[in-house]
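# Close look at the chain arrangement
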Amino acid sequence: MDTRRIDGVGSVLTFDLLKTWYRDALYCDVGRTDPPGCPWMSLTWALRRAKQERLREEAASAVAAAAQTGAESDCGSAENVQEGDGPTEQDLRRCLVDTYARALGQTLQSILKAKMEDPLSFFHSFRTLSSAYRHWAWYLYCLTFEVLDFARGAVEEGVINMPLDTVDLQVLASAFSTQITLSRLMEEPLRFLPDVDHPRQATQRAHVLCHRGLWSPMLGPTRPENEVLPLVNGIIELGRLPLGPLAALSQKTAVVKGYDRSNECYVVCVGQLDLPVDRLQIKNIVFHDRVASESWRGHVEGGDERDREMRHSSLAPGEAALLRGVPDGAIEFQLLHELVRRQARAKLEAMLQELAGRGTHGPSHAASQRHSTAHGPVPEPVRQELLSQLCKPPTAPSWQPAQRPSEAVGAAVGTAAEGATGAEAPARMPTDPEGSAVMPSPATATATAPAPLRRMSMDQARLLMSTGRQIAVIAPQEWIPPEGSSSSSMALRLGAEIVLRRHADSGWLFGAEASSGSEGWFPTDRLTIWEVHQAFAPDPQSGNSALFLSLQVGETIAVHQRYSDEWQGWGWGQRWGGATVEGGVFHFSHTSPHVILSREL
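The numbering scheme is per chain: residues are counted from 1 as the chain's sequence reads. Totals for whole chains, interfaces and linings use every residue, but because this is a predicted model, local features are given only for residues with pLDDT of at least 70 and side-chain atom pairs only at 80 or more, for both listing and counting. Note that the side-chain values use all heavy atoms of the structure and ignore hydrogens as well as water.

### What about the overall build of the protein chain?
The condition is simple: For helices the rule is a DSSP run of H or I covering at least 4 residues; for strands it is a run of E covering at least 2, with both sets numbered from the N terminus onward. Throughout, exposure labels follow a simple rule: accessible area from a 1.4 Å probe, protein chains only, divided by the maximum for the residue type, with under 20% read as buried, over 50% as exposed, and the rest as partly exposed. Contact definition: two residues touch when any of their heavy atoms are within 4.5 Å. Per-residue accessibility takes into account occlusion by the displayed protein chains alone, with areas from the Shrake-Rupley method and a 1.4 Å probe.
For the protein chain, the helix and strand inventory stands at 12 helices and 20 strands. The buried share of the protein chain, reckoned over its 601 residues, is 46%. For the protein chain, the proportion of contacts with a sequence separation of at least 24, taken over those separated by at least 6, is 66%. Entry remark: accessible area of the protein chain is about 30,300 Å², with carbon and sulfur atoms responsible for 54%.

Right, dumping it as structure tokens:
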């Protein structure tokens, strides 16, 4: 499984993979927020969970101390900890606003610099401290609005829902004396501890997951009813227990007598000793009567074949013959999975090279056929009233057209892994400019077309849109919605200024044309240009080399077609912004997509 390629198609899918990995590896439930992926709700739940665990530990310590002294403890047990106890989103926002409002001079400058360097921050796209200073008061004002206010549309014009960043997490970790762990996909986790000068130490721990602006809280251990195989009344093998008297019981077998819901732990019996153990301290399931009875019943009723199926389906993770003792949540299994994936990817890549006519054998007849990918359904706008408010720009200095570079419209822009679907396939694979859908030359753009400023990667553009920012770009090519398209589709004019407001993982963008005010959805590929970062030359020995487009580093390509099936990852495009409009087939791995900014952020 190529995680990076999947992530380029849809961040929601890879975020689900991240949640599944942590859930299986840590045996913990992952919370679901409303709206999905909300950072504010995720951190609020994680801090509430941290407080519950701290109160539970304090109550257990008080009971143990009272038992030693013979006195009665009135602290109760963990059952007295209420689910709703803990900070609210309003508490988090108030803490941040109060802290930032008191920051002046050098302190404020340090905060702004840290936020400008943080990819999660609203200020990451700012280039100068002066522009960040001008937005600071408005930023603090936006922080006072909760997520529910945006969901109900109870916000003023120009107010957006600000994201959480690492500077915010450090402030909250100090304010709530909490160690906050931020786990990310394919990156090292970040841990935020209270300030060294703070008189209090970290008294509790909160854990959240984050990927491309999507957040989820890590909650308590997996409940018994959600286990893949039952543990209660089964024989298990203990893992490594904490240092002390119980360390001698590590790696021993035990019987699971039950589950203590108040303390969220299993009660196991080793010999004549009953002790509570955490789910992470249970290494393996040795035997369970339910699994054994199902296996025996399958042997009696279905014979040897049914018995083999039952025994295979009842194997716990890591219990297969070749992987025995390696749970699928362990780092060893993940490394093994990565090695197998790399070998499979190398074989698939070699097959694609052969299909493209660059291998030792010519391309097969099936691979030389044309494959097209039709548009997916145009996503309908959701919460139009809220969207219209989120898409309005903040109060900021007006743009100065005289400050824009006087580049030609052929100048181009940034990087991304947008997995958008292309337009319908041409009637045949083009072999010459006359047989291709020739894109109008940028020189034919209208004289009133806005001048381009610079290029921005699609990854950065998506991140800004997810925080509520709108981005003014230039359409590098025309697009007319095909017959039968949704009424929410919008045509694109070459050189028109488009204000991007929203993106969808299915490969569509939502925006409005600045001059006419019309708005709607349009394919991402029609608003992006692809910059070549790796050269490519077709093999002249192959019989179909004329079908492919040679690439030179620094060139810009406009995509007209994406292919699927055997040609997945390939597309048909033309050179953009140059003297020629030569077109052909190329592989997307040699290029990276950008948009052309028409106004500075």
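### Some thoughts on the packing of aromatic side chains
For clarity, the cut-off: Centres within 6.5 Å make a pair out of two Phe, Tyr or Trp rings, where for Trp the six-membered ring is used; the pair is then stacked when the planes are under 30 degrees apart, edge-to-face when over 60, and tilted otherwise. Charge over a ring is defined by NZ of Lys or CZ of Arg lying within 6 Å of the ring centre and within 35 degrees of the ring normal.
In total, this model carries 19 aromatic pairs according to the counting rule given. Geometrically, the ring pair formed by Phe 123 and Phe 126 is tilted, given 5.2 Å between the ring centres and 50 degrees between the ring planes. On the basis of relative accessible area, Phe 126 is assigned to the buried category, the value being 7%. Ring centres of Phe 123 and Trp 136 lie 5.9 Å apart, and the angle between their planes is 40 degrees; on these two criteria the pair is classed as tilted. Of this pair, Phe 123 sits in the loop between α5 (105–117) and α6 (129–143) while Trp 136 is found in helix α6, placing the two residues 13 residues apart along the sequence. Judged on exposure class, the residue Phe 123 and its partner Trp 136 are both buried. By the ring-pair criterion, three or more aromatic residues cluster together here, those being Tyr 100, Phe 122, Phe 123, Phe 126, Trp 136, Trp 138 and Tyr 139. The ring of Tyr 27 carries the charged tip of Arg 279 above its face, separated from the ring centre by 3.8 Å. In this structure, Arg 562 is placed above the aromatic ring of Phe 588, and the distance from its NZ or CZ to the ring centre is 4.2 Å.

### Topic: a nonpolar patch on the surface
Stated formally: For patches, a residue must show more than 30% relative accessible area and have no salt bridge; joins then use 9 Å for like charges and 5 Å for nonpolar side chains, namely Val, Leu, Ile, Met, Phe, Trp and Tyr. Any carboxyl oxygen of Asp or Glu that lies within 4 Å of a side-chain nitrogen of Lys or Arg is treated as forming a salt bridge with it.
A surface patch of nonpolar side chains, about 310 Å² in accessible area, is lined by Ile 235, Val 255, Val 286 and Phe 287. Along the chain, the position of Phe 287 falls in strand β10 (residues 282–288). When its relative accessible area of 40% is taken as the criterion, Phe 287 is described as partly exposed.

### Description of the side chain of Glu 264
Spelled out, the test is: Pairing of N or O atoms within 3.5 Å defines a polar contact, subject to two protein rules: one partner must be a possible hydrogen donor and the other a possible acceptor, and residues neighboring in sequence count only if both atoms are side-chain atoms.
Checked against the element boundaries, Glu 264 lands in the loop between β7 (253–260) and β8 (265–270). Since its relative accessible area comes to 18%, Glu 264 is described here as buried. Among the polar contacts listed, one links the side chain of Glu 264 to the side chain of Arg 49, at a separation of 2.3 Å. Those residues in contact with Glu 264, other than ones at most four positions away along the chain, are Arg 49, Arg 56, Gly 220, Pro 221, Tyr 259 and Asp 278.

### Digging into the pattern of salt bridges
In this structure the tally under the stated criterion is 27 salt bridges. For Asp 165, the salt bridge is made with Lys 115, and the minimal N-O distance between the two is 2.7 Å. Remark: Lys 115 occurs in helix α5 and Asp 165 occurs in the loop between α7 (147–151) and α8 (166–175); sequence separation between them is 50 residues. Close ionic contact of Arg 562 with Asp 525 constitutes a salt bridge, the shortest N to O distance being 2.6 Å.

### Re the nonpolar core
Note the following rule: The criterion is simple. A nonpolar core is a set of buried Ala, Val, Leu, Ile, Met, Phe, Trp, Tyr and Cys residues joined through side-chain atoms within 4.5 Å.
Core analysis: the largest hydrophobic core is formed by 47 residues, its most contacted members being Leu 43, Tyr 100, Phe 123 and Trp 136. Of all the secondary-structure elements, those providing two or more residues to this core are α3 (39–69), α4 (89–101), α5, α6, α7, α8, β2 (178–184) and β4 (204–211). Listed in part, the 23 residues of the second largest apolar core include Ile 471, Ala 504, Leu 509 and Leu 527.

### So, the sheet that holds strand β3 (residues 187–192)
What counts is decided by this rule: Paired strands, as defined in this entry, are two strands with at least two bridges between them according to DSSP. Angles shown run from 0 to 180 degrees and are taken between the N-to-C directions of axes, each axis being a line fitted to C-alpha atoms and, for helices, limited to the stretch in contact.
Ordered by their spatial adjacency, five strands build an open sheet running β1-β5-β4-β2-β3, and the pairing between neighbours is mixed. One side of each edge strand has no neighbouring strand; the edge strands of this open sheet are β1 (28–30) and β3. Across this sheet, the average inter-strand angle for adjacent strands is 25 degrees, counted without regard to direction. Relative to strand β5 (residues 214–221), β1 is paired through two bridges, and the arrangement is antiparallel. From the neighbouring strand, Val 30 faces β5, where its bridge partner is Met 218. Its contacts with the sheet place α3 against β2, β4 and β5, and it is angled at close to 155 degrees to β4.

### Looking at the packing of α4 against α8
Note the following rule: These descriptions rest on fixed angle ranges, namely under 35 degrees for roughly parallel, over 145 for roughly antiparallel, 65 to 115 for roughly perpendicular, and the rest for oblique. Think of it as three bins: nonpolar holds Ala, Val, Leu, Ile, Met, Phe, Trp, Tyr, Cys and Pro, charged holds Asp, Glu, Lys and Arg, and polar takes everything else, Gly as well.
Contact pair α4 / α8: the axes reach a minimum separation of 10 Å and the direction vectors enclose 100 degrees. The angle between α4 and α8 places the two elements in the roughly perpendicular class. Within the contact between the two elements, α4 uses Leu 92, Cys 95, Leu 96, Thr 99 and Tyr 100 and α8 uses Val 167, Asp 168, Val 171, Leu 172 and Ala 175. When grouped by side-chain class, the residues that make up the contact of α4 with α8 number eight nonpolar, one polar and one charged.

### Quick notes on the sheet that holds β8
The strand order β9-β8-β7-β6-β10 describes an open sheet built from five strands, whose pairing is antiparallel. The sheet is open, and its two edges are formed by β9 (273–277) and β10, each paired on a single side. Taking each pair of neighbouring strands and ignoring which way they run, the sheet shows an average axis angle of 40 degrees.

### Points about the confidence of the model for the protein chain
Selection rule: Confidence of the predictor at the level of single residues is given by pLDDT, which spans 0 to 100.
Across the protein chain, the average pLDDT comes to 75, with 71% of residues at 70 or higher. The least confident element of the protein chain is helix α11 (residues 384–390), whose mean pLDDT is 37; the most confident is α4, at 94. Predicted confidence is poor over residues 76–81, with pLDDT under 50, and the contacts of this stretch with residues over four places away or in other chains come to 12 contacts. For the stretch residues 295–303, pLDDT sits under 50, and the model shows eight contacts to residues farther than four places along the chain or on other chains.

### Comments concerning the pairing of strand β13 (residues 497–504)
Bridge count between strand β12 (residues 471–474) and β13: four bridges; the pairing is antiparallel. Counted as the bridge partner of Val 473 is Ile 498 from β13. Here β13 folds back onto strand β14 (residues 508–513) in antiparallel fashion, the turn holding three residues, of which Gly 507 has a positive phi close to 100 degrees.

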